[in-house]
Amino acid sequence: VRVGTNGHRQRSARSSYPAKYSAAGLFRRGLASQPWPPAWQPQPMKDSYDVVIVGGGVHGLAAAYYLAVNHGITDVAVLDQGYLGSGGSGRNTAILRSNYLTPEGVRFYDRSVKLYQRLATDLDYNVMFSQRGHLTLAHSDASLRTMRWRAEVNKVEGVDSEVIGPAEIKRLAPFLDISPAARFPILGALWHPPGGIIRHDAVVWGYARGASAQGVHIHQNTEVTGIDVAGGRVRGVTTSRGDIATPVVLNATAGWCTLISCMAGVALPVTTSPLQAAVTEPVKPFLSTVIVSGTLHVYISQTDRGELVFGASVDPFTSYSMRGSLEFIEGLAGHVLELMPALTKVRVLRQWAGLCDMTPDFSPIMGHTPVEGFLVDVGWGTYGFKAGPVSGEAMAQCIASGKPPEIIAPFGLERFGEGALVGEKGAAAVGH
Amino acid sequence: MILLPCAWCGPRDATEFAHIGEVSARPGPDEVTPGRWRGYLYLRANPCGWTRETWYHRMGCRRFITVERHTLTNEIRSVSAAGAMTPQAPGRPGAEDPPPAVPPGAPPARPSEAPARGPVI
């Protein structure tokens, strides 16, 4: 059965596998205590595939899913050195937004938010997207000016953003300290209603289930050890579980993107740094928006379980180490209390780190490389998770048609040779 | 975070320093092509392993040092004044301050870790 673009389809068009999830099914299985069928099927590894995607995170799996449903390319393998979503897809703070600074960035992330809005229906998987609104606080005249700029660019591109004052901020987030006596007084904020949080593991699993149902092979615990390039063309990949012949390799890794690209002889303008995050014990719901402060290097949201999730800026030097540091949690706690003094008694449950591939212009690198058949979807810095669906959709189109679609045209690797950088530092994340 | 043994001040917290980045040879401005110059500006080896990099002790002696660090374990193998080739004992000043940029004689990133820089730009 042919399905519509991006899997937007009627219920009757669904194939029999996977079994559709529904409330009635949950009730029936609860009564019968039947085991749930696996969400995706493990497959034996073949000698050759039409497309090999390196990286089983949201980017790689989304690309595989959209290759199958939008372009009918199903002879695809997704390889991951660990388990699905073990990298950046499971380590981010799950915030979605599209209030960027450059028109290229706004258009791109707005498409992503729109895909996320339909994702639960398209994938038949509850991704728990909560569009609760996103507040970026301004503590200085300079950042207030940048926010006004961002709001106007957003409005031109049709994205809902507005600069609001302290009174309105207090109404949206009563626990914020808006007194002028604060060390960093809150002068205003960029209010972005479509922003919110999502369950990042569910996004990964939903894409894996959808891709697997279309015939995509998912190979976990399969590390790529080499890429076979001859005559400027990709011939295949070498993995820890054997060789695979393929004409197309997509590098959709985070953290290891320079190492994978290096195997194909492609140098990238990327440095890798850890970014740390932390989560507290659950408390009663009190925070209905996402709070971000660039000056204080912190973003805060409350999950559906009541835990507060904190993220920070990237560590100030390059490293592949994913160990947390006491210094981070100390600094973070100070900054959070600066914003919400009422949280003094809340205890941190755990902290972790993920790897961020930073590019010189704080924008990703997507599209073809000088090696034919070797494509990249890398350099995602601190903003990769929120772009998963749109980059998967665009990279699928890029692979199927052989040329990058307009929405990712500004983000090609060649921009660094041409000096046509996309300056997104003002809005890509908090403090760099 | 990590402790960085400054060549002049001894072990200090890494937050006192600014991480400048990998040591790479700057091409001569007179003969370089725009493509090679942009490669020098943007492309990085970014190895997962030992790397030679420049740090600036901004909250201390305000001098530049060259550090050999393992990027996976953050272990530090040697520290020297930027531009000087031999490691020095912490606490003793070295030769004259080199300019902040890497001198032309400094070896590039080790060949085994440096990716081919040709085809991209």
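Everything numeric in this text was worked out from a predicted model, so none of it was measured.

**A short note on the packing of helix 2 (residues 58-71) of chain A against helix 6 (residues 200-213) of chain A**
When two helices pack together, you describe them by how their axes are tilted relative to each other and by the distance separating the axes.
All names here are of chain A.
No. 1: Remark: helix 2 packs on helix 6, axes separated minimally by 9 Å, with the N-to-C direction vectors making an angle of 30 degrees. One element, helix 2, and the other, helix 6, form an angle in the roughly parallel class. Crossing handedness for the pair helix 2 and helix 6: left-handed. Where helix 2 abuts helix 6, its residues Val58, Leu61, Ala62, Ala64, Tyr65 and Tyr66 lie against Val203, Val204, Tyr207, Ala208, Gly210 and Ala211.
No. 2: Residues belonging to the contact of helix 2 with helix 6 are distributed by class as follows: eleven nonpolar, one polar and no charged.

**So, the environment of Ser240 of chain A**
Residue and element names in this part refer to chain A.
No. 1: Inspection of the secondary structure assignment puts Ser240 in the loop between strand 10 (233-239) and strand 11 (242-245).
No. 2: Taking the C-alpha atoms as reference points, Ser240 and Asn221, separated by 19 residues in sequence, lie 8.5 Å from one another.
No. 3: In contact with Ser240, other than residues within four places in its own chain, are Asn221, Thr222, Glu223 and Thr225.

**Structural notes on the packing of aromatic side chains**
No. 1: Across all of its chains, the model carries 17 aromatic pairs over all chains by this definition.
No. 2: Ring centres of Tyr65 of chain A and Tyr66 of chain A lie 5.2 Å apart, and the angle between their planes is 70 degrees; this geometry places the pair in the edge-to-face category.
No. 3: Each member of the aromatic cluster is reached from another via a ring pair, and the members are Tyr100, Phe108, Tyr109, Trp380 and Phe411 of chain A.
No. 4: Of note, Arg183 of chain A hangs over the ring of Phe184 of chain A, and the distance from its end group to the ring centre comes to 4.3 Å.
No. 5: Seen from the ring of Trp50 of chain B, Arg77 of chain B lies directly overhead, with NZ or CZ sitting 4.1 Å from the centre.

**Focus: the confidence of the model for chain A**
No. 1: The pLDDT averaged across chain A works out to 91; a share of 94% of its residues lies at or above 70.
No. 2: Confidence over residues 10-14 of chain A falls short of pLDDT 50; this stretch has eight contacts with residues more than four positions distant or in other chains.

**Concerning the confidence of the model for chain B**
Residue and element names in this part refer to chain B.
No. 1: Counting all residues, the mean pLDDT for chain B is 75, and 69% of those residues have values of 70 or more.
No. 2: For residues 85-121, every residue scores under 50 in pLDDT, and the model assigns this stretch 70 contacts once sequence neighbours within four places are set aside.
No. 3: The ipTM value of the predicted complex is 0.84, and its pTM value is 0.88.

**Notes on the interface of chain A and chain B**
No. 1: Facing the 27 residues of chain A at the interface are 26 residues of chain B.
No. 2: Between chain A and chain B, the buried area comes to about 2,300 Å², and carbon and sulfur atoms account for 63% of it.
No. 3: One can count zero salt bridges joining chain A with chain B.
No. 4: Counting across the interface, chain A meets chain B through ten residue pairs in polar contact (both at pLDDT 80 or more).
No. 5: Of all the elements in the fold, those that place two or more residues in the side of chain A that touches chain B are helix 7 (257-263), strand 13 (271-280) and helix 10 (415-418) of chain A.
No. 6: In the side of chain A that touches chain B, the residues fall into 15 nonpolar, ten polar and two charged.

**So, the pattern of salt bridges**
All names here are of chain A.
No. 1: Applying the stated criterion across every chain yields a total of 18 salt bridges over all chains.
No. 2: Between Arg148 and Glu152 there is a salt bridge, and its shortest N-O distance comes to 3.0 Å. Of this pair, Arg148 and Glu152 both sit in helix 4 (residues 141-156), four residues apart, which is roughly one turn of the helix.
No. 3: On the basis of relative accessibility, which here comes to 37%, the residue Arg148 falls in the partly exposed class.
No. 4: One connected set of salt bridges, linked through shared partners, spans Arg148, Glu152, Lys155 and Glu162.

**What to know about unusual backbone geometry**
Note on backbone geometry: most residues besides glycine have negative phi, and most peptide bonds are trans.
No. 1: Phi angles above zero are rare outside glycine, and Asn221 of chain A is one such case at about 50 degrees.
No. 2: Mapped onto the fold, Asn221 of chain A is located in the loop between strand 8 (217-219) and strand 9 (224-230).
No. 3: Even without glycine at this site, Asn46 of chain B takes up a positive phi of about 50 degrees.
No. 4: Checked against the element boundaries, Asn46 of chain B lands in the loop between helix 1 (34-42) and strand 4 (50-56).
No. 5: Exposure remark for Asn46 of chain B: the relative accessible area of 3% places this residue in the buried category.

**Quick look at the environment of Leu84 of chain A**
Residue and element names in this part refer to chain A.
No. 1: Following the sequence through the fold, Leu84 ends up in the loop between strand 2 (76-79) and strand 3 (95-96).
No. 2: Along the primary structure Leu84 and Leu332 are separated by 248 residues, whereas in three dimensions their C-alpha atoms are 29 Å apart.
No. 3: Not counting chain neighbours up to four residues away, the residues in contact with Leu84 comprise Trp40, Gly56, Leu61, Val204, Ala208, Ile218 and Gln220.

**Regarding the side chain of Thr51 of chain B**
No. 1: Mapped onto the elements of the fold, Thr51 of chain B is located in strand 4.
No. 2: Look past the residues within four positions of Thr51 of chain B in its chain and what remains in contact with it is Glu22, Val67, Glu68, Arg69 and Thr71 of chain B.

About the cut-offs
- Residues numbered from 1 in each chain as written.
- Chains lettered and ligands numbered in written order.
- Predicted model: local features only at pLDDT ≥ 70, side-chain atom pairs only at ≥ 80, totals over all residues.
- Heavy atoms only, no water.
- Axes fitted to C-alpha atoms, helices over the stretch in contact; angles between N-to-C directions.
- Helix = DSSP H or I, 4+ residues; strand = E, 2+ residues; numbered from the N terminus.
- Parallel < 35°, antiparallel > 145°, perpendicular 65-115°, else oblique.
- Left-handed = near helix turned anticlockwise from the far one by under 90°.
- Contact = heavy atoms within 4.5 Å.
- Nonpolar A, V, L, I, M, F, W, Y, C, P; charged D, E, K, R; others polar.
- Phe/Tyr/Trp six-rings, centres within 6.5 Å; stacked < 30°, edge-to-face > 60°.
- Lys NZ or Arg CZ within 6 Å of the ring centre and 35° of its normal.
- pLDDT = per-residue confidence, 0-100.
- Buried area = accessible area lost by both parts, 1.4 Å probe.
- Salt bridge = Lys/Arg side-chain N within 4 Å of Asp/Glu carboxyl O.
- Polar contact = N/O pair within 3.5 Å; in protein donor to acceptor, adjacent residues only side chain to side chain.
- Buried < 20%, exposed > 50% of the residue type's maximum accessible area, 1.4 Å probe, protein only.

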